[in-house]
Amino acid sequence: AKFFNIKEGDLVRVLYGKDAGKQGVIRRIDHKKNQVIVDGCNMTKSFWSPRWTPKTRDVPSITTVEAPIHIHNIAPLDPVVKKEKK
């Protein structure tokens, strides 16, 4: 689907999954996979391993990042009333 009724920066509510009921702002949309990344929702742990050089001496660490959510699992919210748009 190329056209959605949402865009980056819109307020949405997660309908299904472990974060059902949470609200967040859309950070990125993937049109090919029909997925969005919602700020603060669907957080997963990711292992970050930098390239080690003697100058930087970066050490690997575990970070938390937002995983994508399918477009059918979110609903746009009216920013004034905080209710789902029909």
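Residues numbered from 1 in each chain as written. Predicted model: local features only at pLDDT ≥ 70, side-chain atom pairs only at ≥ 80, totals over all residues. Heavy atoms only, no water.

Engineer: Residues and numbers for the nonpolar core, please.
Structural biologist: By size, the foremost hydrophobic cluster in this structure holds eleven residues: Ile 6, Val 12, Val 14, Ile 26, Ile 29, Val 36, Val 38, Cys 41, Ile 69, Ile 71 and Ile 74. Looking at this core, the elements that each hand over two or more residues are β1 (11-14), β2 (23-30) and β3 (35-38). Other than its neighbours up to four places away in sequence, Ile 74 contacts Ile 6, Val 12, Arg 13, Val 14, Leu 15, Ile 26, Val 36, Val 38 and Ile 69. (Core = buried A, V, L, I, M, F, W, Y, C linked by side-chain atoms within 4.5 Å. Buried < 20%, exposed > 50% of the residue type's maximum accessible area, 1.4 Å probe, protein only. Helix = DSSP H or I, 4+ residues; strand = E, 2+ residues; numbered from the N terminus. Contact = heavy atoms within 4.5 Å.)

Engineer: Which residues make up the sheet that holds β2, and what are the values?
Structural biologist: In space, the five strands of this open sheet follow the order β6-β3-β2-β1-β7, with antiparallel pairing throughout. Each edge of the open sheet carries a strand with a single partner, namely β6 (69-70) and β7 (74-76). Note that β2 and β3 share four bridges and pair antiparallel. Its bridge partner being in β3, Arg 28 is matched across the sheet by Ile 37. (Pairing = 2+ DSSP bridges.)

Engineer: Would you mind going over the side chain of Asp 19 in detail, with residue names and values included?
Structural biologist: Tracing the backbone through its elements, the reader meets Asp 19 in the loop between β1 and β2. Beyond its immediate sequence surroundings of up to four residues, Asp 19 is in contact with Val 14, Cys 41, Asn 42 and Met 43.

Engineer: Go over the pattern of salt bridges, please, and point to the residues and values.
Structural biologist: Applying the stated criterion to the full structure yields four salt bridges. Among the ionic pairs, Glu 84 bridges to Arg 13, the shortest N-O distance being 3.6 Å. Within this pair, whereas Glu 84 is found in the segment after β7, its partner Arg 13 is found in strand β1, the two being separated by 71 residues in sequence. Of the charged contacts in the structure, one is a salt bridge between Glu 66 and Arg 27, with a shortest N-O distance of 2.6 Å. On the criterion of sequence distance, the pair formed by Glu 66 in strand β5 (residues 61-66) and Arg 27 in strand β2 is long-range, its members being 39 residues apart. Each of Arg 27, Asp 39 and Glu 66 takes part in salt bridges that share partners, so that together they form one network. (Salt bridge = Lys/Arg side-chain N within 4 Å of Asp/Glu carboxyl O.)

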